[in-house]
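One letter stands for each residue in the lines below.
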Amino acid sequence: MAVRACGLIIYRRLHSAPSSKVTGSIEYLLLQTSYGTHHWTPPKGHVDPGEDDLQTAFRETQEEAGLQASQLTLIEGYKKELHYPVRGKPKTVIYWLAEMKDCNTEIKLSEEHQAFQWLKLEDACKFAEYEDMQATLKEVHQFLCSKE
């Protein structure tokens, strides 16, 4: 059976950007793991017994980035499921999309991560080494652009 994990792709809008190019003002939150290859990823983690997928995404975001559900707005209409092998076993990761209500909210990392960055799409794709994560970030960006 596949390992199942859930998380949130979190973004913020910088209000100082010129209003004509709203999508240029979007930054995505990536966390750098303090284990393994120190890869960069949105907050995510394994589903606990008795928990539904979205509860897991919010709990993991709180544990890994110090963000409460009340500090985020879940964006309707976006959910992405990724499938890939980890150490020879199948893994499923489900991401939802959430916007920071206040773009200046402090990020508080857990021991699982050693750094975080708010990144524009191009940089976020460079930091996220995995092709499926890069594609997901681009898809999210297109989704957000189409809503404006």
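Residues numbered from 1 in each chain as written. Predicted model: local features only at pLDDT ≥ 70, side-chain atom pairs only at ≥ 80, totals over all residues. Heavy atoms only, no water.

Regarding the pattern of salt bridges
Enumeration according to the criterion identifies 11 salt bridges in this entry. Of the charged contacts, one joins Glu27 and Lys120 as a salt bridge, the two residues approaching to 3.7 Å between their closest N and O atoms. Of this pair, Glu27 sits in strand β2 (residues 26-33) while Lys120 sits in the loop between β7 (113-119) and α2 (121-127), placing them 93 residues apart in sequence. Glu27 sits in the buried class, given a relative accessible area of 10%. Relative accessible area serves as the criterion here: at 34%, Lys120 is assigned to the partly exposed category. One salt bridge in this structure joins Glu51 and Arg59, with 2.5 Å as the shortest N-O distance. (Salt bridge = Lys/Arg side-chain N within 4 Å of Asp/Glu carboxyl O. Helix = DSSP H or I, 4+ residues; strand = E, 2+ residues; numbered from the N terminus. Buried < 20%, exposed > 50% of the residue type's maximum accessible area, 1.4 Å probe, protein only.)

A look at unusual backbone geometry
Even without being glycine, His38 reaches a positive phi, approximately 55°. For His38, the position within the fold is in the loop between β2 and β3 (40-41). Taking relative accessible area as the criterion, His38 reaches 31% and is therefore assigned partly exposed. Even without being a glycine, Arg87 presents a positive backbone phi close to 50°.

Some remarks on the nonpolar core
In this structure, Ile9, Tyr11, Tyr28, Leu97, Leu137, Val140 and Leu144 are the most contacted members of the largest nonpolar core, which totals 22 residues. When residues of this core are traced back to their parent elements, those giving at least two are β1 (3-13), β2, β5 (72-86), β6 (89-100), α2 and α3 (131-146). In terms of residue count, α3 provides more of this core than any other element does, 5 residues in total. Leave out the neighbours within four places in its chain, and Val140 touches Ile9, Tyr28, Tyr78 and Leu97. Membership of the second largest hydrophobic core comes to 16 residues, among which are Leu8, Leu72, Trp96 and Trp118. (Core = buried A, V, L, I, M, F, W, Y, C linked by side-chain atoms within 4.5 Å. Contact = heavy atoms within 4.5 Å.)

Without other data, these values stay purely geometric and don't point to any function.
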